[in-house]
Amino acid sequence: MEKMEGMLRNLRLSEAEMVGLRISEQQMVIADGAGKEAAEPKVVVKVLSEKLVSAEGLKQALGPIWCPIRGIRCKKLGENIFMITLLQNLGKKKALECGPWMFSNDLVVVVDYDPAKSVEEYEFTAVPIWIRILKLPLGKMNKATGEMIGEKMGEWLQADVGDDDYAAGEYLRIKVKINISKPLMRGMMIQVGEDGRSKWCPFEYEFLPEFCYICGIIGHDDKSCLLPAKKGEEKQFGSWLRAFIPKKQNSGEKQRWSSGGGSGSGDRPYGFGERRGAAGSNSLS
């Protein structure tokens, strides 16, 4: 993409090239087959893997999770980039808002389909994830605090609170769409009390995908990091960023996803980090 833009700056365009062509939304709908296919919900996904992924493999893994009755259609757009047509309306909401999604231990980044964008214009930089905020004062364990913290971390989505907007338990649980091109936030200094004293509140991430203990960025490990650790320097990130999920709650989901299948069981499928259960219970089972 950058190489093409560089070439364009050096080209002298002819009059015919400069005039170009404007395609209206109506013409795009007609081209899509009288609007039938255009009306079907779509998303574009990228699998962050060094191995090539097949459209059929992705269809078999994600179809039963996102659209368990009618399934999905999967079309390859580029290297590990796919356009997915969801044959159930609720499938799009699940694909975009639940997660993070994994395929054979590799992160799947999902973005909304935009017919006006080329493949190169899509940005696969954000994923939703549940985050636990520890050591908050009890009076701050509420939705308002979660929203303020979430907006500092990325795009705030929701908080796991009761009808009174307060969380029950040892931590406040929020869902945020984080930028995976930036280091994970390990916590935040929160000012509490009338004297405004600062308190460190650490974060834990539920079903956190592979990330680097050197730079803190999701998508690669220490061995492939471009920022080598300095000799004798302690790594600034570690496994302590992963929230502990009891084995009895997680074994089935993890096993199925690690083999390329979906996660979850019971009344409805769900992605890593999506919660089932009553509000405020902090339960994944």
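In this text the structure is predicted, and so the values were computed from the model without any measurement. (Residues numbered from 1 in each chain as written. Predicted model: local features only at pLDDT ≥ 70, side-chain atom pairs only at ≥ 80, totals over all residues. Heavy atoms only, no water.)

Another point: the nonpolar core. Of all hydrophobic cores here, the largest spans 37 residues; its most connected members are Ile 131, Ile 174, Ile 178 and Tyr 205. Contributions of two or more residues to this core are made by strand S5 (106–112), strand S6 (126–134), helix H7 (143–153), strand S7 (154–159), strand S8 (171–179), strand S9 (187–192) and strand S10 (197–205). Beyond its immediate sequence surroundings of up to four residues, Ile 178 is in contact with Thr 125, Ala 126, Val 127, Ile 129, Ile 131, Met 153, Leu 184, Tyr 205 and Ile 218. With 22 residues, the next largest nonpolar core counts Val 45, Ile 84, Trp 101 and Val 110 among its residues. (Core = buried A, V, L, I, M, F, W, Y, C linked by side-chain atoms within 4.5 Å. Buried < 20%, exposed > 50% of the residue type's maximum accessible area, 1.4 Å probe, protein only. Helix = DSSP H or I, 4+ residues; strand = E, 2+ residues; numbered from the N terminus. Contact = heavy atoms within 4.5 Å.)

Let us now look at the sheet that holds S10. Pairing is antiparallel in the open sheet, where five strands are placed in the order S7-S8-S6-S10-S9. Strands with a single pairing partner mark the edges of an open sheet, and in this sheet they are S7 and S9. Sheet twist, expressed as the average angle between the axes of neighbouring strands with direction ignored, equals 35 degrees. Where S6 lies against S8, nine bridges are found, and the strand directions are antiparallel. Paired with Ile 131 across the bridge in S8 is Ile 174. Across the sheet, H7 lies against S6, S7, S8, S9 and S10, angled at about 155 degrees from S7, the strand it touches most. (Pairing = 2+ DSSP bridges. Axes fitted to C-alpha atoms, helices over the stretch in contact; angles between N-to-C directions.)

As a further point, take the confidence of the model for the protein. Across the protein, pLDDT averages 82, with 77% of residues at or above 70. Within the protein, no element has a lower average pLDDT than helix H8 (residues 247–258), which sits at 48, and none a higher one than strand S3 (residues 81–86), at 98. Within the model, pLDDT remains below 50 along residues 252–285, and this stretch shows 89 contacts once partners closer than five positions in the same chain are excluded. (pLDDT = per-residue confidence, 0-100.)

A word on the side chain of Gln 88. With respect to the helices, strands and loops of the structure, Gln 88 is situated in the loop between S3 and helix H6 (89–97). A polar contact is formed between the side chain of Gln 88 and the backbone nitrogen of Ile 69, at a distance of 2.8 Å. Not counting chain neighbours up to four residues away, the residues in contact with Gln 88 comprise Pro 41, Cys 67, Pro 68, Ile 69, Arg 70 and Gly 71. (Polar contact = N/O pair within 3.5 Å; in protein donor to acceptor, adjacent residues only side chain to side chain.)

Cis geometry marks the peptide bond from Gly 99 to Pro 100, where omega comes out at 5 degrees. Mapped onto the fold, Pro 100 is located in the loop between H6 and strand S4 (101–103). At Asn 105, a position not held by glycine, the phi torsion is positive, near 70 degrees. Looking at the element boundaries, Asn 105 is found in the loop between S4 and S5. What makes Asn 105 exposed here is its relative accessible area of 52%. Although it is not a glycine, Asp 165 adopts a positive phi angle of roughly 70 degrees.

Below, the discussion takes up the packing of aromatic side chains. By the definition in use, this model includes three aromatic pairs. On the numbers, 6.4 Å between centres and 25 degrees between planes, the contact of Tyr 122 with Phe 124 is stacked. Taken together, a centroid distance of 5.1 Å and an interplanar angle of 45 degrees make the contact between Phe 211 and Tyr 213 tilted. Sitting above the plane of the Tyr 122 ring, Lys 117 keeps its charged end 5.6 Å from the centroid. Just above the ring of Phe 237 sits the side chain of Arg 186; from NZ or CZ to the centre is 4.7 Å. (Phe/Tyr/Trp six-rings, centres within 6.5 Å; stacked < 30°, edge-to-face > 60°. Lys NZ or Arg CZ within 6 Å of the ring centre and 35° of its normal.)

Relative to S10, S6 runs antiparallel, the two being bridged by three bridges. For Ile 131, the partnering residue across the bridge sits in S10 and is Tyr 205. With six bridges connecting them, S9 and S10 associate as antiparallel partners. Residue pairing across strands places Met 188 opposite Cys 201, the latter belonging to S10. If you look at the hairpin formed by S9 and S10, you'll find four residues sitting between the two strands, and Gly 193 has a positive phi there, around 75 degrees.

Backbone-to-backbone hydrogen bonds pair the strands of a sheet. The strands run either parallel or antiparallel. If you walk across this open sheet you meet the five strands as S2-S3-S1-S5-S4, and the pairing is antiparallel. The open sheet terminates on both sides in strands that have one partner only, identified here as strand S2 (72–78) and S4. Each neighbouring strand pair of the sheet contributes to a mean axis angle of 35 degrees, computed without reference to strand direction. Where strand S1 (residues 42–47) lies against S5, five bridges are found, and the strand directions are antiparallel. When the sheet's bridge partners are listed, Val 43 is paired in S5 with Asp 112. In the packing of H6 onto the sheet, the strands contacted are S1, S3, S4 and S5, and the crossing angle to S5 comes to about 125 degrees.

A few words on the pattern of salt bridges. For the structure on display, the rule yields seven salt bridges. In this structure, the salt-bridge partner of Lys 92 is Asp 112, at a minimum N-O distance of 2.7 Å. Here the residue Lys 92 occupies a position in helix H6, and Asp 112 occupies one in strand S5, the gap between them amounting to 20 residues. Relative accessible area serves as the criterion here: at 40%, Asp 112 is assigned to the partly exposed category. (Salt bridge = Lys/Arg side-chain N within 4 Å of Asp/Glu carboxyl O.)

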